[in-house]
Amino acid sequence: PLFFFFLSSASFVATAIMDPTAAFFSNLSAAFCTALKLFISPETYNVSNAVTFLEETDSLVIAFLFAFMHMLTSSLAGPLTGDYGWVDRAWSLLPMFYTWWFAYKGDWNDRSVMMAILVTIWGVRLTFNFIRKDGGKEDYRWAVLRQGMHPVLFQLFNVFFISIFQHLLIFGFISSAYIVSCVKDLPVSCTDYTLAAVFLFLVVFETISDQQQYEFQMEKHFRLDNNLPLAADFERGFFSSGLFHFSRHPNYFAEHMLWWVFYGFSVVVTGQVLNWTILGPLVLTHLISESINFTESISMKKYPEYKRYQKTTSRWTPCKPGPSLDQA
C-alpha cells in the first residue's frame, strides 16, 4: 500500500511540474485554507461566499478537495462499521460527478459533455451490476486479506490503499476530463466520435461478460442449493465458456481499455501523445493486473482445475483459446 500511495503522490507532483499553468499545489493549499475558513467557521460561512469560492477556484482543485473529503470518511467508516466497501460503492459514482463538474466548469463544451455522457453510461451500468451481484456489500477479497494480515497492518492498508490510493486512482483516470474542459473552443472531430464509439463498444463488451458471469453464478448456486446434478463448468466451479473461453477476465480487459480510450480525448485537445493524465490509466492497468493475480490465487485454492484453465486461456486480452476444458 505504501508503494501505491507514493506512486500516486508522485503523479500529482508530476501534475505540478508538467502542467505548471494549473498551479495545482499552490491553488490546492490556498483553496484548502479557504474551505476550512468558509465551511467550518460559522462567523465566515454563508451561501454567497461558498458559491464564489466554487466559481473562482480551479475545477481540479475543487474536485480534489471533494476526493479528500471522501478519503477521510472512508478511512473512518471502515473500522467504525466493520465494512470496508465504502470506496467500492463510490467507484462508479465519483467519476460521474467529476466529469459533469468539469463539463460545467468548461462552459458545457461539446467534448466535455460527450465525455460526461460516456462516463455516466459506464457508471450507471457498473452501479447496477455492483448492486445486483453483491447487493452493495464489500469486496469479498477484503475479508480474505483481513484473515491473513495483522489487524494493525490491515488498518494501515485501509487508510493508505483502500481509502487514499483508490480515491487518488479514480481522480487520476478521470483527470483527462479536466484537460478537455480547459480547451473550450476546439470543435469535436471525427477522432472524438471514433473514441466515443470504441468506449461504448467496450462498455457493451464488459456488460456481456458481466452478464454471462452473473447468469453462471446464479445457476450454479441454484443447483447447489437444490442438490441438482453438476457437470462441466458447474462441476468445476468457475465459468470458462462464452467470452471467458477467449479470456479469463474479459471484463477486466474492457475496463482498463476503456480508460485508455478516455485518455485519448486529452491527446486530441493537447496534440500530444503523452501528457500528465496518462498516469491514471497507467496505474489503473497495473492495479488491475495485480488484482487479477490476487483473485486467481484465491481461485486456484478453491478450484483444482483452474490451473488447467490458465494454461488454455489468455489472461485478459481475448485471443484464440486452447482446447475446451470439457475435452479430455
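Our subject is the structure that appears above.
Residues numbered from 1 in each chain as written. Predicted model: local features only at pLDDT ≥ 70, side-chain atom pairs only at ≥ 80, totals over all residues. Heavy atoms only, no water.

Caption draft 1: Just the overall build of the protein chain, in detail. Scanning the protein chain for helices and strands turns up 15 helices and zero strands. Counting over 328 residues, the protein chain shows a buried share of 48%. Residue pairs at least 24 apart in sequence account for 78% of intrachain contacts in the protein chain once pairs closer than 6 positions are excluded. Of the accessible surface of the protein chain, which amounts to about 16,300 Å², a share of 68% is contributed by carbon and sulfur atoms. (Helix = DSSP H or I, 4+ residues; strand = E, 2+ residues; numbered from the N terminus. Buried < 20%, exposed > 50% of the residue type's maximum accessible area, 1.4 Å probe, protein only. Contact = heavy atoms within 4.5 Å. Areas by Shrake-Rupley, 256 points an atom, 1.4 Å probe, with all protein chains shown as cover.)

Caption draft 2: Looking closely at the side chain of E296. As for its position among the elements, E296 is in helix α14 (residues 279-302). A polar contact of 2.7 Å, which involves the side chain of E296, links it to the side chain of R248. Ignoring anything within four residues of it in the chain, the contact list for E296 reads R248, H249, Y306 and Q310. (Polar contact = N/O pair within 3.5 Å; in protein donor to acceptor, adjacent residues only side chain to side chain.)

Caption draft 3: Highlighting the pattern of salt bridges. Counted under the stated rule, the structure contains nine salt bridges. Here R111 ties to D192 by a salt bridge, and the two come within 2.8 Å at their closest N and O atoms. Of this pair, R111 sits in helix α7 (residues 110-134) while D192 sits in helix α11 (residues 190-225), and the two are 81 residues apart along the sequence. Assigned by exposure class, R111 and D192 land together as buried. Between R248 and E296 there is a salt bridge whose closest N-O contact spans 2.7 Å. Linking R248 in the loop between α12 (232-236) and α13 (250-270) with E296 in helix α14, this pair joins segments that are 48 residues apart in sequence. (Salt bridge = Lys/Arg side-chain N within 4 Å of Asp/Glu carboxyl O.)

Geometry only, nothing functional implied.
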